[in-house]
Amino acid sequence: MAENDDSEFEKLLNDFINNQLEDVDIDDTLSSQKKTDVVHDVEVPQENIQVANFTQDNSDIEEEDPELDALDKSEKALFKAYRNFEDALNMIAKDKNLSFRKFRLQPMDLTPHYKPSRGKIIAEDFEKGWDILIKAYPDIVGQISLQSTDEQLLDFAEKLQDDTLQFAIISYVESLIEMEGREIAYKERKLKREKKRLEREIYLQHQRRINLMNKYIEAINKKKFPIDADRLVKNYFKTARKDADGAYKVLTNNPAVFAPIQVDKIKPRFFGLIKVKPQDGIRMNRIIGAFLKKLKA
């Protein structure tokens, strides 16, 4: 009986988790992940793109922000692309005599992992960054929009003659790619946490159910009723999963439905002078039902 209950509980656990997570579009998640993986593996053709030398600015990142060492590989890639875009914008603003507000995100903001709230900060910074590009290159940047695809933006950058603007556009695209990957990773981590929470809750419910069953069984056995308490309680709880109200009504009015009355264990009345009859089984059935109705386990 215990082995069957455990198997049934495992099936219940799996069914419950699947039902809770059925709204999650796994195919979309996987396809998005594949898209991200492919993007990371594709290298932007360099033969036609002449990018300005920003070695000095990039090397300064490690020195200025030692917290980068604490970032995971993917978060580090996102921050570097984000900072490259900022560096390019800063150079453009100085060259065009425009005011530029520094980007707000710091390496520590991406520990231990990227969060959507950080993505909001990045998006707001990028919106201000595009204002700089539009003011600095109204005729050029006006040819594209923020709704352009990654390929469209890279094709646009490939044709640019201004090295700094070219570097800004490429860094912007890299930031979007890295941020998309971090969004997918965040959703996967959230899904795993939710699954663990559900598993834990179901386990606790199962333990509470077992404890309650044991209390019922113990209380019935103390009264020495002529009935298999273990069978009675387990069959009742199994039925109650599908119809709690109906199962309780049967339990308190006709418990023999869940476990037969053991007539041979009914003690004769009046010191053995009155022998046990079939009617005594009916009487005992009612007595047990009345007891269970008052029982507070």
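No experiment lies behind these values; they were computed from the predicted model shown.

## Looking at the packing of helix H9 (residues 229-240) against helix H10 (residues 244-253)
Here is step 1 of the chain: In contact at an axis separation of 8 Å, H9 and H10 are set at 150 degrees when each is read in the N-to-C sense. Viewed along their axes, H9 and H10 adopt a mutual orientation that is roughly antiparallel. Mapping the contact onto sequence places Leu 232, Tyr 236, Thr 239 and Ala 240 in H9 and Ala 244, Ala 247, Tyr 248 and Leu 251 in H10.
Here is step 2 of the chain: In terms of residue class, the contact of H9 with H10 is built from 7 nonpolar, 1 polar and no charged.

## With respect to the confidence of the model for the protein
As a note on interpretation, predicted positions should not be read in detail where pLDDT is low.
Here is step 1 of the chain: The predicted model of the protein averages 80 in pLDDT, with 74% of residues at 70 or higher.
Here is step 2 of the chain: Per-residue pLDDT stays below 50 along residues 20-63; that stretch engages in 41 contacts with residues further than four places along the chain or on separate chains.

## As for the pattern of salt bridges
Here is step 1 of the chain: The tally for this structure, following the rule as stated, stands at 9 salt bridges.
Here is step 2 of the chain: Taking the shortest distance from any N to any O, the salt bridge between Asp 125 and Arg 101 comes out at 3.9 Å. Taken as a pair, Asp 125 in helix H5 (residues 116-136) and Arg 101 in the loop between helix H4 (73-96) and H5 lie far apart in primary sequence, 24 residues in all.
Here is step 3 of the chain: A relative accessible area of 48% places Arg 101 in the partly exposed class.
Here is step 4 of the chain: With its nearest N and O atoms 3.1 Å apart, the salt bridge here joins Arg 104 to Asp 125. With a gap of 21 residues between them, Arg 104 in the loop between H4 and H5 and Asp 125 in helix H5 connect regions that are remote in the sequence.
Here is step 5 of the chain: The class for Asp 125 is buried, based on a relative accessible area of 1%.

## Details of the nonpolar core
Here is step 1 of the chain: Formed by 37 residues in total, the largest nonpolar core has its most connected members in Phe 85, Trp 130, Leu 133 and Ile 169.
Here is step 2 of the chain: Counting residues per element, the ones that place at least two in this core are H4, H5, helix H7 (150-158) and helix H8 (163-222).
Here is step 3 of the chain: The dominant element in this core, judged by the number of residues it contributes, is H8, at 9 residues.
Here is step 4 of the chain: Apart from residues no more than four positions distant in its own chain, Leu 133 is found in contact with Phe 85, Leu 89, Ile 92, Pro 138, Val 141, Leu 165, Ala 168 and Ile 169.
Here is step 5 of the chain: Formed by 23 residues, the second largest nonpolar core is a distinct cluster that contains Ile 227, Ala 240, Ile 261 and Ile 288.

## Here we look at the environment of Asp 109
Here is step 1 of the chain: By the secondary structure assignment, Asp 109 is in the loop between H4 and H5.
Here is step 2 of the chain: The class of Asp 109 is buried, set by a relative accessible area of 19%.
Here is step 3 of the chain: Taking the C-alpha atoms as reference points, Asp 109 and Leu 71, separated by 38 residues in sequence, lie 9.7 Å from one another.
Here is step 4 of the chain: Not counting the four nearest positions on each side in its chain, Asp 109 is found in contact with Arg 104 and Arg 118.

Reading guide: rules and limits
- Residues numbered from 1 in each chain as written.
- Predicted model: local features only at pLDDT ≥ 70, side-chain atom pairs only at ≥ 80, totals over all residues.
- Heavy atoms only, no water.
- Axes fitted to C-alpha atoms, helices over the stretch in contact; angles between N-to-C directions.
- Helix = DSSP H or I, 4+ residues; strand = E, 2+ residues; numbered from the N terminus.
- Parallel < 35°, antiparallel > 145°, perpendicular 65-115°, else oblique.
- Contact = heavy atoms within 4.5 Å.
- Nonpolar A, V, L, I, M, F, W, Y, C, P; charged D, E, K, R; others polar.
- pLDDT = per-residue confidence, 0-100.
- Salt bridge = Lys/Arg side-chain N within 4 Å of Asp/Glu carboxyl O.
- Buried < 20%, exposed > 50% of the residue type's maximum accessible area, 1.4 Å probe, protein only.
- Core = buried A, V, L, I, M, F, W, Y, C linked by side-chain atoms within 4.5 Å.

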